[in-house]
Amino acid sequence: MNFFHSIKFRFTIWYLIVLGVLLILLSAGVYYGLSHSLHDNLDDSLKLRAEQLSNSKANIRDSISQGNFQEKLGEVVSLYFVSEDELIQVSAHGVEIPVDTQMIMNATKGKKAFASQKTSGGQKLRLYSVPYTIYEDSRFIPGGYRVFSEKHSGALVIGRSTENIDDALHGLRQILIFADLATLAIAGAGGIFLAKRALKPVDDIAGTAAEIEQSGDLSRRIKVDTKDELGRLASTLNNMIARLQGAFTRQQEFTGDASHELRTPLAVIEAESTLSLQKKRSSEEYKQSLEIVAQEAKHMSAIIGQLLVLARADAGNEQRLFEEVDLGELVRTVAFDAEILCREKNLKFECGQIGNLRINGNIERLRELFLNLVDNAVRYTPEGGTVTLSLERSKGKEAVVIFKDTGIGISSEEISHIFQRFYRIDKARSRAEGGSGLGLAICKHIAETHTGKIEVESESGKGSTFKVIFPMEGGRYVRSMQAQYNGLS
Ligand code: ADP
C-alpha cells in the first residue's frame, strides 16, 4: 500500500499540523511577550531620563551643544523652542533627529508623547518628547539668585536607539524558527515511528486476513500478542474465522451427508426398477417392486421436506409468523396422536399433568417439534414400553413439555451428538424405522427460534426424557390443572 494513503501518514500529518499550530502560537507568544517587555523597559527608561533632565539644574542647552550626552551609547537629546515664529533645534553636532513637528508643537503645549523614527542613516530611534522651558540671558543678582531676561516654551526630545532590542528580537526569531522546525522534524520522524509501531498489529491482521483470503485456509489464525483494543480485534476476528471454519466444515459435511442420504433410496429405486425391467414379471412381482419404489420415494420426499425446513431455518426470520399459542391445547392434541402411534406399536401411553400455559410462537412449527419427539419416543421404545407426555410450569416462568419413554436410551457419549444434522446412533436401525437423522436438528432449531431449549436425560437401556423448555414472558399461565385429556375411546 502506498505510504501516502496509509493511516500512518494521515496520523502523522494531523499530529504535525496540531503540533505546528501549537508551536507557532507558543513562539508568537514568547516573541511578542519579550518584544513588549523590552519596548516597555525602553519607554520607562526614556521617561526616567526625561524626568531626570527636566529636574536638572544644569544648563541642558549648553550640555547638548557640548555633546555631553551619551550619544556613543545611542542616546540623543535635542531641545526645541519657538523663537520669532521659527522652530529652533538645539542638538549635538552632527546629530539630526527626524522629529515630527506636530509632536514638538504638542510637547511645547505640555503634551508628552512617544514616537518611533528612523534616522537618515537608517538607525531606528525611540523618541520621547516632553515640555521644557528654556531661560535665556541669565545673570546672578545679589544673594546668589539667578534671573533670566527671556524664557521660551520648548520641547525636550530624548531618543534612544532600538538597535539592541531589534538585535535581541532578531536573534530570538531565528532561534524560535530553528527550534520550531527542528521540533517538527523530530516529532514527524517520531510520529511515523510511533504510528508504525502502534499500527503494526493492524498490518499483521490485514496481512493474515489477506493470506487467509488468498489461500482459503480457514485453519489459520491471527497472532494475538496484546490485550489492548487491537488484541481484542484480533481475537474477535479469530473467533469469527473459527466460526466460519466451523460453519464451512458443517456445510461440507451436511452436503456430503445429504447427497449420501438421497443416494441410498435412489440406488434402491434404480436397482429395483432395472431388475423388474430385465424380464417379464408377474403382476404380483411388479406390485412388490412398485411398493419398494414408492416406499423409497416417500423416504426421499421426507428427507427433502426436512432439508427444506432446515434451509428455511438457516435463512432465519421465522419469528415474523409468531402469535400467542395455547400450549396446553396444543400438547393435548399431540397427546391424541401419540396415543394412536403408541397403540399401533403396542406401547402404553400415559398423559401426565398438562397445564394451561401460553407462549408466543408458531403453532405449526411447535406441533412439528412435539410430533418429532413423540415419533422418536415411539420409534426407540420396544413393544410393551411406556411413553409419557406432560406440560409443566417450572421456576415460575418456564413452560416445560416433557416426553418420557422407557426405550433403548442414549449413552452419555452420544447425547452431545444427537442434535447434529444426519447424526444417528444406529444408522441401520434408524433408517429401517424411517429416520433420517434430521429430526432432532429440526427440533433444536424450532425450540431455539422460540427462545427455548431442549434438555435430554437418558440412560442406555432404561429410557430417555426430552424436555422442551420455553420462557414465558410475564408468565402466561392460566391455571395448573390435571390433564383434561380424556384419552381415546
Ligand atoms: P432419526 O430420524 O434417526 O430418529 P433424530 O435426529 O430424530 O434422527 O435422532 C437422532 C438419533 O438420536 C437417532 O438416530 C437415535 O439414535 C437417537 N434418539 C433420538 N430420540 C431417541 C429416543 N427417544 N430414545 C433413544 N434414542 C433416541
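Residues numbered from 1 in each chain as written. Predicted model: local features only at pLDDT ≥ 70, side-chain atom pairs only at ≥ 80, totals over all residues. Heavy atoms only, no water.

Asks: Please explain the overall build of the chain as it appears in this structure.
Replies: Of the regular secondary structure elements, the chain holds 11 helices and 12 strands. The contacts in the chain between residues at least 6 apart in sequence include a share of 68% that link residues at least 24 apart. As displayed, the chain offers around 29400 Å² of accessible surface, 55% of which is attributable to carbon and sulfur atoms. (Helix = DSSP H or I, 4+ residues; strand = E, 2+ residues; numbered from the N terminus. Contact = heavy atoms within 4.5 Å. Areas by Shrake-Rupley, 256 points an atom, 1.4 Å probe, with all protein chains shown as cover.)

Asks: I'm lost on helix α7 (residues 327-344) in this one. Help?
Replies: In an α-helix, one turn spans 3.6 residues, which is why side chains three or four residues apart end up on the same side. The end-to-end C-alpha distance of α7, which contains 18 residues, comes to 26 Å, matching closely the 26 Å that a straight helix rising 1.5 Å per residue would cover. Remark: Asn346 follows α7 within two positions and exhibits a positive phi of approximately 55 degrees. (Expected span 1.5 Å × (residues − 1).)

Asks: Even after reading the chapter, I still don't get helix α8 (residues 363-379), so can you show me in this structure?
Replies: When the terminal C-alpha atoms of α8 are compared, their 24 Å separation across 17 residues agrees well with the 24 Å that a helix rising 1.5 Å per residue should span. When we look at burial in α8, the residues that qualify are Arg365, Leu366, Leu369, Phe370, Asn372, Leu373, Val374, Asn376, Ala377, Val378 and Arg379. Between the side-chain oxygen at the start of α8 and the backbone nitrogen of Glu364 there is a gap of 3.0 Å, and the oxygen is on Asn362. (Buried < 20%, exposed > 50% of the residue type's maximum accessible area, 1.4 Å probe, protein only. Polar contact = N/O pair within 3.5 Å; in protein donor to acceptor, adjacent residues only side chain to side chain.)

Asks: Would you mind going over the sheet that holds strand β11 (residues 453-459) with me for this structure?
Replies: Paired through backbone hydrogen bonds, the strands of a sheet run either parallel or antiparallel to each other. Read across the open sheet, the five strands follow the order β7-β9-β10-β12-β11; overall the sheet is mixed. In this open sheet, the two edge strands, each paired with only one partner strand, are β7 (348-354) and β11. On average, each strand axis in the sheet is tilted by 15 degrees relative to the strand beside it, whichever way the strands run. With eight bridges joining them, strand β10 (residues 398-405) and strand β12 (residues 463-471) adopt antiparallel strand pairing. Counted as the bridge partner of Ile402 is Lys467 from β12. Packing of α7 onto the sheet brings it into contact with β7, β9 (386-394), β10 and β12, and relative to β7 it is tilted by some 170 degrees. Sitting on the sheet, helix α11 (residues 439-449) touches β11 and β12, and the angle it makes with β11 is about 140 degrees. (Pairing = 2+ DSSP bridges. Axes fitted to C-alpha atoms, helices over the stretch in contact; angles between N-to-C directions.)

Asks: Explanation requested: a nonpolar patch on the surface in the structure shown.
Replies: The grouping of Ile13, Trp14, Ile17, Val18, Val21, Leu22 and Leu25 at the surface amounts to a nonpolar patch, some 690 Å² of accessible area in total. Positionally, Ile17 belongs in helix α1 (residues 7-55). (Patch = residues over 30% accessible without salt bridge, like charges linked within 9 Å, V, L, I, M, F, W, Y side chains within 5 Å. Salt bridge = Lys/Arg side-chain N within 4 Å of Asp/Glu carboxyl O.)

Asks: Mind showing me how you'd approach the layout of surface pockets here?
Replies: The gaps of empty space that remain are located by a probe, the size of a water molecule, rolled over the atoms. Taken as a whole, the second largest pocket holds about 540 Å³ of empty space. In terms of lining residues, the second largest pocket is bounded by 16 residues, among which Arg250, Phe419, Gln420, Arg421 and Ala441 are the most central. Secondary structure elements with two or more residues in the lining of the second largest pocket: α5 (229-278), α6 (283-315) and α11. Considering every element that reaches the lining of the second largest pocket, the biggest residue donor is α5, with six residues. Tallied by class, residues from the lining of the second largest pocket come to six nonpolar, three polar and seven charged. (1 Å grid on protein atoms, 1.4 Å probe; cavity = no way out; pocket = protein on both sides within 12 Å on 5 of 7 lines; lining within 4 Å. Points joined across faces, edges and corners; volume = space filled by probe spheres on them. Nonpolar A, V, L, I, M, F, W, Y, C, P; charged D, E, K, R; others polar.)

Asks: What am I meant to see in the environment of Lys196 here?
Replies: With respect to the secondary-structure elements, Lys196 resides in helix α4 (residues 163-215). Residues Lys196 and Thr12 lie 184 residues apart in sequence; the distance between their C-alpha atoms is 10.0 Å.

Asks: Explain the nonpolar core to me, please; I cannot follow it from the model alone.
Replies: The biggest cluster of nonpolar side chains holds 53 residues, and the ones touching the most others in it are Leu369, Phe370, Val401, Phe466 and Phe470. The residues contacting Leu369, other than those within four sequence positions of it, are Cys443, Ile446, Ala447, Ile454, Val468 and Phe470. (Core = buried A, V, L, I, M, F, W, Y, C linked by side-chain atoms within 4.5 Å.)

Asks: Quick question: what am I supposed to make of the pattern of salt bridges here?
Replies: It is possible for side chains bearing opposite charge to pair when their charged atoms get close. Tallied over the full model, the rule gives 17 salt bridges. We note a salt bridge from Asp203 to Lys8, for which the minimum N-O separation is 3.3 Å. Placement of the pair is Asp203 in helix α4 and Lys8 in helix α1, with a sequence separation of 195 residues. For Asp203, a relative accessible area of 40% gives the class partly exposed.

Asks: Honestly, the packing of aromatic side chains in this entry has me stumped. Any pointers?
Replies: The description of two aromatic rings rests on the distance between their centres and on the angle between their planes. Counted under the stated rule, the structure contains four aromatic pairs. Taking the centre distance of 5.2 Å and the plane angle of 90 degrees together, the rings of Tyr31 and Tyr32 count as edge-to-face. Tyr31 sits in the buried class, given a relative accessible area of 13%. When the ring of Phe114 is compared with that of Tyr128, the centres are 4.3 Å apart and the planes differ by 25 degrees; the resulting orientation is stacked. With Phe114 in strand β3 (residues 113-118) and Tyr128 in strand β4 (residues 124-141), this pair connects stretches of sequence that are 14 residues apart. Note on Tyr128: relative accessible area 7%, which makes it buried. Among the aromatic residues, those joined into a ring-pair cluster are Phe370, Phe403 and Phe470. (Phe/Tyr/Trp six-rings, centres within 6.5 Å; stacked < 30°, edge-to-face > 60°.)

Asks: I keep staring at the confidence of the model for the chain and nothing clicks. Help me out?
Replies: Low pLDDT means the predicted coordinates in that region are not meant to be read closely. Mean pLDDT over the chain stands at 84; residues scoring 70 or higher make up 88%. Across residues 475-489, confidence stays below pLDDT 50; counting only partners more than four residues off in sequence or on other chains, it has 37 contacts. (pLDDT = per-residue confidence, 0-100.)

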